[in-house]
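Structural description and commentary
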Amino acid sequence: MESFISKIATLAENCHCGNHHPITIEKITVGNEMLKDAVRYIGEKNYQKVKIIVDNHTFQAAGKELANQLERADIPFTTCYILPDENQDIIADERALVQVLLESSKETDVMVAVGAGTIHDIVRFCSTKMGIPFISIPTAPSVDGFTSMGAPLIVRGEKKTFQMSSPIAIFADLTVLKNAPRKMIAAGFGDMIAKFTSLADWKFGHLVGGEPYCKAAAQITRDALNASVKNVEKIKKGDEEGIQILIESLIASGLAMLLFGHSHPASAGEHHLSHYWEMEFLRQKRAAVLHGAKVGIAASILAKIYKSEFLPFICNGMEGIDENLYIKIKEHKEEIKAVYEQIPDSILLRKWVEQLGGETHPEQLGIENDLVIKGLNEAHKLRDRFTALKFLNEIVKIRREFASEIL
Ligand SMILES: [Zn+2]
Ligand SMILES: [Zn+2]
């Protein structure tokens, strides 16, 4: 992965979009014995007050071994066990944030996030607010947020993403990741296939809706997506090779966001739909659902809608739309067509996720048809970002009533 950082640097050098942000991650390593590597790194940095942040599961998965290694290396540390909520979920909300802040002190010189996406979001916030660097040790290849700066947090019952800091180093241990629950591996793949729709929406938003763009970030994300999809059989096996491909794809997707400074490469209509569902679950105080599981399903729903409604609209006259928009779309029609045509059929997207043991329909996650329809009608309002979902709602003015048409 070291060479991967240099690959990104080369791509970035050749892109003159003016939107690049510095990548301040010093070390990205994926392989075996990575916990030892992490301890070696901590030793080299001469950190003397290490705070490990875990929950009960991730302590068993990697925290315990990390603690043993630190002990052996004679590096002082303390451990913070994030407590679950009443649904037994670990949630990045005020309670967890305050717990970590209270258990850390100004003398802490590094935090180590040992966990999946949520623990990273909590640590990303706390470390930035306290001005303490953090190291990432992912315990599941379940999301692409490990290397990014965005921390989606739940504050007063609402989920919002805050721009914080990226880790200074990431140590992805394949033995740990291989042992992650199957559902979390399928969720990681779900977060990757969401890039089919996010990349299409990003290009469209840029060409037509004035969204900023970066060729290099798009290329990094596209390459990562292709690697995951091409190797779905290997990922299904769950062996080291497959898990390595998946975690590297997720890390790369996070780095693309870091380079661009925003989530555009990795998050568009499908993520907005998923956020809408999530907010409704929060309101009802229902148990959380894995991010990647939701966005994978949302991407397959949008794949169908984009291909059956958006593309035909763009290709057939665009009746009734504003003249300026009409001219812009017409000018870039071939490019827009090409990028949406690259999205695979929703049946194929679902088949891949199913092969990995993930859920493929909203009701399997407890998301009722009603909520799916509401989301399709409302989710575009959550973010001020130009997507085909927004376009279908606000320009084409499609109102949905029946889930049977799109599921
Ligand atoms: Zn995501
Ligand atoms: Zn660029």
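A quick note: this is a predicted structure, and the numbers were derived from the prediction, not measured.

Things to note about unusual backbone geometry
Most peptide bonds take the trans form, and the phi angle of most residues other than glycine is negative. Of note in the backbone geometry, R156 takes a positive phi value of approximately 50 degrees without being a glycine. Considering the arrangement of structural elements, one finds R156 in the loop between β6 (150-155) and β7 (158-163). Exposure remark for R156: the relative accessible area of 76% places this residue in the exposed category.

Remarks on the coordination of the zinc ion (ligand 1)
For the zinc ion (ligand 1), every protein donor is listed as D191 (OD), H271 (NE2) and H291 (NE2), and the spread of their distances is 2.1 to 2.2 Å. Within one chain, the residues serving as donors to the zinc ion (ligand 1) are arranged as D-x79-H-x19-H. Residue H271 is found in helix α11 (residues 269-283), and its partner H291 is found in helix α12 (residues 291-315); the two are separated by 20 residues along the sequence. Overall, the relative accessible area of 5% leaves H271 in the buried class. Here H291 falls in the partly exposed class, since its relative accessible area comes to 22%.

Considerations on the packing of aromatic side chains
What the rule picks out here adds up to 15 aromatic pairs. Taken together, a centroid distance of 6.5 Å and an interplanar angle of 20 degrees make the contact between F196 and W352 stacked. Here W352 lies in helix α15 (residues 346-355) and F196 lies in helix α7 (residues 182-209), a separation of 156 residues in the sequence. Across the pair, exposure class does not vary: F196 and W352 are buried alike. A connected cluster of aromatic rings, assembled from ring pairs, spans F204, Y306, F310, F313, Y340, F386 and F391.

A look at α11
In a regular helix each residue adds 1.5 Å, so 15 residues correspond to 21 Å; α11 covers 21 Å between its end C-alpha atoms and thus fits that length. Burial of α11 is extensive: 13 of the 15 residues sit out of reach of the surface. Following α11 by one or two positions, K285 has its phi on the positive side, about 55 degrees.

A word on the packing of α12 against α15
Where α12 meets α15, the axes come as close as 8 Å, and the angle between the chain directions of the two elements is 165 degrees. If you check the angle between α12 and α15, you find them roughly antiparallel. As for the relative orientation of α12 and α15, their crossing is right-handed in sense. Counting all contacts with α12, which are made through A299, S300, I301, A303 and K304, the residues of α15 involved are S346, L349 and R350. Within the contact of α12 with α15, the residues separate by chemical class into four nonpolar, two polar and two charged.

What counts, and where the lines are drawn
- Residues numbered from 1 in each chain as written.
- Chains lettered and ligands numbered in written order.
- Predicted model: local features only at pLDDT ≥ 70, side-chain atom pairs only at ≥ 80, totals over all residues.
- Heavy atoms only, no water.
- Helix = DSSP H or I, 4+ residues; strand = E, 2+ residues; numbered from the N terminus.
- Buried < 20%, exposed > 50% of the residue type's maximum accessible area, 1.4 Å probe, protein only.
- Donors = N, O, S within 2.8 Å, 3.2 Å for Na, K, Ca; no water.
- Phe/Tyr/Trp six-rings, centres within 6.5 Å; stacked < 30°, edge-to-face > 60°.
- Expected span 1.5 Å × (residues − 1).
- Axes fitted to C-alpha atoms, helices over the stretch in contact; angles between N-to-C directions.
- Parallel < 35°, antiparallel > 145°, perpendicular 65-115°, else oblique.
- Left-handed = near helix turned anticlockwise from the far one by under 90°.
- Contact = heavy atoms within 4.5 Å.
- Nonpolar A, V, L, I, M, F, W, Y, C, P; charged D, E, K, R; others polar.

None of this, on its own, says anything about what the molecule does.
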